[in-house]
Amino acid sequence: MIITFPDGAQRTFENGSTSLDIAKQLSNSLAKKVLSAKVNGEIWDITRPITADATLQLLTWGDTDAKRTFWHSSAHLMAEALESLYPGIKFGIGPPIENGFYYDVDLGDRVLSSNDFESIEKKMKELAGKNNAYIREEISKSDAVAYFTEKGDEYKLELLEGLQDGDITFYKQGNFADLCKGPHIPDTGAIKAIKLLKVAGAYWKGDEKRKQLTRIYGITFPNQQELDDYLKLLEEAQKRDHRKLGKELGLFTFSDKVGAGLPLWLPNGTFIREKLVDFLKEEQIKRGYKPVITPHIGKKDLYITSGHYEKYGKDSFQPIRTPEEDEEYLLKPMNCPHHCEIFKAFPKSYKELPYRVAEFGTVYRFEQSGELHGLTRVRGFTQDDAHLFCTADQLKDEFKSVIELIRYVFKRLGFSEFTAQISLRDPENKEKYIGSDENWEKAERAIVEASEEMGLSTVTELGEAAFYGPKLDFMVKDAIGRSWQLGTIQVDYNLPERFQLEYIGADNEKHRPVMIHRAPFGSLERFIAILIENCAGNFPLWIAPKQVAIVPVSEKFIPYCEKVLNFLESSDIRGFIDYRNEKIGKKIRDAETSKIPLMLVIGEKEVDAETLSVRKHGSGDIGSMDFEAFKTYFDNLLNN
RNA sequence: GCCAGUGUAGCUCAGUUGGCCAGAGCAGCUGAUUUGUAAUCAGCUGGUCGGGGGUUCGAAUCCCUCCACUGGCUCCA
């Protein structure tokens, strides 16, 4: 048979050779490293015979697919260890994930905590040391059902229900057999370094109405060094956690007395926040947005009209009642209903479209208690919200303009790594969505084309659209790899309908506008959280609350420092003098730990020569320069 | 909301199987020191051990409950 390699090279091998055989013939060192193989585009066990001409790519640890194979096999190894330690437990699913793997198990009445990790890891290492082979076995559905019936594992039986006879495989290693389509590494011996990371509850099939299983997360590596490096990386990431830095840098805080999920912005955090708001306000005005302001509450009726009350009313903060008339008001969970009323305040002509109203609107949502998380998931937050009312024909251009804005914002704030996701409706379930087919097609096409024309690389997800329209979301990862949605652009056919929004067209007839919700930051809280983690607290110079620390060598030089401060102020540079009676090393250390971008050390030399001795955060002494040179240096950093 | 874990001074953490008046470092305050590129020295202040209830002669430590936080699950207009 002829095997074609990724570089296009072709070689003949004996029919029935496995990928491992082939690897051995190519190079012994390669054969030792290969974990799985892509045969005709499908990931296979390397011990599985290839029986016809095929394309073959040998996968080693560096390949994501090989890692997945390795971790999938590790999940089986953990399952084997668990079964041997806790006989009679039942298994859900145990897949590889981005970093490691997990297995969902039903432990019966047993409770597992991280205290048990050590004994499980020990057992896993013991089993791994046996070099047991992972053996693939095709099995009939009836035999598979019989096996798990005998074992009493209702979860596996439920999984079997969804599988076709003839399409079912088991993998066995040691004393453990699992329903699994594979592939796996050849044997457990390759798994050298093992670390269990966390336990969590996870609903069976992700359904909160069903039983909660115990999910155990772990990660494994082919050698100890890789594991150590990984753990080190996690540790480093934790230092960037916005909750930690927020405390250390005095950005924000929470108080039990005020309430969970209700952030209190401290002066430094407020400074950054206001810088961002001013920046975006200015950019929006340049792009034809009109700032508006609406109240924090609105009558219940408003949200009955918008439909939010029906969908979220029970799970929201409950209505506030007026003392006498017994009217009910809700804390606003969204700005759009108010903005719809703004649109309706005066009759609109097609000549006024697109009509763009923008508001930094604070909203309140009763998030589930287990969901609250630092600034990324809170109960009171401010959206950089705007609503664009336009005609269907204007959709695409509006989208392009918002994409441009979001990319500009991300660029200015150093978000180089983000993903853009287009969420379209599920073509199988069109009845789940509001709005006509024609409108949906128009809107979806507008999003796809706008993204293409802007050169934005996107992933498209079918069925992820909101019920009221398709959307485009921008996601950025936090310090520990969780992905958060920041910027968003959403088309809405629902609210214009519910609020009976209209404009007069060129034909002198009434028409319904389309509405776009959009927010480049998403929420200021979440955006700033991710910003903190992205820059590790070293904010871009233009938003740093304090830009320059003036550090006198002794108090004799304070008059000169004040002259320096005056100069900074007249140059629009935010400086302050460290007047404390401390040694110079201490003052520098404090400025470094509080991540002040620049320090000016002032002593006798500087006074005599009318210069400044500049020190940059993280880089140390830069050297001395005169006032004007410093200004130039600063401006360069500012515009970077 | 669910599962598991955690909660000691403003911050980071000690506090052995329940047993003197609950400790340290940093921060803060006072004083000395006048300093040349990441921590000067000394003294002092500061805690209803998350809240409430219980067991006990005795609880930071054991039990119950509520609250908050951490990691997941579900949710996220």
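Numbering of residues starts from 1 in each chain and follows the order in which that chain's sequence is written. Key to labels: chains lettered from A, ligands numbered from 1, both in the order written. The predicted nature of this model means local features are confined to residues of pLDDT at least 70 and side-chain atom pairs, given and counted, to a pLDDT of 80 or more, with totals for whole chains, interfaces and linings taken over all residues. Side-chain numbers come from the whole structure's heavy atoms, not from hydrogens or water.

1. A word on the overall build of chain A
- When helices and strands are tallied, chain A shows 20 helices and 34 strands.
- Principal-axis analysis of the C-alpha atoms places the extent of chain A at approximately 80 × 75 × 55 Å.
- For every residue, the accessible area (1.4 Å probe, protein chains only) is compared with the maximum for its type, and the residue is labelled buried under 20%, exposed over 50%, or partly exposed between those bounds. Scored against the burial criterion, the 640 residues of chain A give a buried share of 48%.
- Looking at chain A alone, contacts between residues at least 24 apart form 68% of all its contacts between residues at least 6 apart. Helix and strand assignments follow DSSP, with helices taken as H or I runs no shorter than four residues and strands as E runs no shorter than two, numbered in order from the N terminus. In what follows, residue pairs with any heavy atoms lying within 4.5 Å of each other are defined as contacts.

2. Notes on the protein's contact with RNA strand B
- Surrounding RNA strand B, one finds 56 residues, the nearest of these being Gln212, Met334, Ser369, Glu371 and Asn581.
- Throughout this document, a residue counts as near a molecule or strand when at least one of its heavy atoms sits within 4 Å of that molecule or strand. Among the atoms of RNA strand B lying within 4 Å of the protein, the sugar-phosphate backbone contributes 49%.
- By the criterion applied in these results, polar contacts are pairs of N or O atoms within 3.5 Å in which, for protein atoms, one can donate a hydrogen and the other can accept it, and in which residues neighboring in sequence qualify only through two side-chain atoms. Contacts to RNA strand B include serine 369, whose side-chain N or O atom sits 2.2 Å from a phosphate oxygen.
- Within the backbone of glycine 370, one N or O atom sits 3.4 Å away from a base nitrogen of RNA strand B.
- Those elements giving two or more residues to the surface near RNA strand B turn out to be β12 (193-203), β13 (212-221), α8 (242-248), α11 (308-312), α18 (584-593), α19 (604-609) and β33 (612-616).
- Of all the elements, α18 adds the most residues to the surface near RNA strand B, at 7 residues.
- Three residue categories are used. Nonpolar comprises Ala, Val, Leu, Ile, Met, Phe, Trp, Tyr, Cys and Pro, charged comprises Asp, Glu, Lys and Arg, and polar comprises the others, including Gly. Looking at side-chain class alone, the surface near RNA strand B contains 17 nonpolar, 17 polar and 22 charged residues.

3. Describing the domain arrangement of chain A
- As annotated, the domain borders come from an automatic or database domain assignment. Considered domain by domain, chain A is made up of domain 1 (2-60), domain 2 (65-238), domain 3 (276-294 + 347-535) and domain 4 (548-639).
- On a C-alpha basis, the centroid separation for the pair domain 2 and domain 3 is 40 Å.

4. Some remarks on the side chain of histidine 387
- Turning to its location among the elements, histidine 387 is positioned in strand β22 (residues 380-390).
- There is a polar contact of 2.8 Å between the side chain of histidine 387 and the side chain of histidine 339.
- Excluding residues within four positions of it along the chain, histidine 387 makes contact with Asn335, Cys336, His339, Tyr355, Arg356, Val357, Met515, Ile516 and His517.

5. Side note on the pattern of salt bridges
- By definition here, a salt bridge exists when the distance from a side-chain nitrogen of Lys or Arg to a carboxyl oxygen of Asp or Glu is within 4 Å. For the coordinates displayed, the defined rule picks out 42 salt bridges.
- Here arginine 215 makes a salt bridge to aspartate 104, at a shortest N to O gap of 2.7 Å. Here the residue arginine 215 occupies a position in strand β13, and aspartate 104 occupies one in strand β8 (residues 100-106), the gap between them amounting to 111 residues.
- The class for aspartate 104 is buried, based on a relative accessible area of 2%.
- The salt bridge involving lysine 300 is made with glutamate 328; its shortest N-O contact spans 2.8 Å. Pair noted here: lysine 300 is in helix α10 (residues 300-306) and glutamate 328 is in strand β19 (residues 328-331), with a separation of 28 residues, a long-range link.
- Classification of lysine 300 by relative accessible area gives buried; the value is 19%.
- Residues participating in the shared-partner salt-bridge network are Glu283, Lys286, Arg287 and Glu404.

6. Quick look at the sheet that holds β19
- The pairing criterion is simple: DSSP has to find at least two bridges between the two strands. Taking strand neighbours across the sheet as the criterion, the 3 strands line up as β17-β19-β18 in an open arrangement whose pairing is antiparallel. Here the strands that pair on one side only, and so sit at the sheet edges, are β17 (297-299) and β18 (320-321).
- As defined by bridge partners, β18 adjoins β19 across 2 bridges and the pair is classed as antiparallel. Each bridged residue has a counterpart across the sheet, and for isoleucine 320 the counterpart in β19 is tyrosine 329.

7. Here's the deal with the sheet that holds strand β20 (residues 348-349)
- Judged by pairing direction, the sheet is mixed, and its 3 strands sit side by side in the order β20-β27-β28 without closing on themselves. Looking at which strands have only one partner, the edges of the open sheet turn out to be β20 and β28 (510-511).
- Two elements, β20 and strand β27 (residues 503-504), share 2 bridges in a ladder whose sense is parallel. Along β27, the bridge assignment pairs serine 349 with isoleucine 504.

8. Here we look at the nonpolar core
- Within the largest apolar cluster, 55 residues are counted, with the highest numbers of intra-cluster contacts made by Leu276 and Leu472.
- Every residue in contact with leucine 472, bar those within four places of it in the chain, is listed here: Phe399, Ile403, Ala420, Gln421, Ile422, Ile447, Ser451, Leu456, Thr458, Gly487, Thr488 and Ile489.
- The next biggest cluster of nonpolar side chains, apart from the first, holds 39 residues, and it includes Met78, Ile120, Leu127 and Leu227. Only buried residues count toward a nonpolar core, which is a set of Ala, Val, Leu, Ile, Met, Phe, Trp, Tyr and Cys residues joined through side-chain atoms within 4.5 Å.

9. Quick notes on the pairing of strand β3 (residues 36-39)
- Alignment of β3 against strand β5 (residues 54-59), held across 4 bridges, turns out to be antiparallel. Paired with serine 36 across the strands is leucine 59, a residue of β5.
- As defined by bridge partners, β3 adjoins strand β4 (residues 42-44) across 3 bridges and the pair is classed as antiparallel. Each residue of the ladder has a partner; that of valine 39, found in β4, is glutamate 42.
- With antiparallel pairing between neighbouring strands as the criterion, β3 and β4 make up a hairpin whose turn holds 2 residues, including asparagine 40 at a positive phi of roughly 50 degrees.

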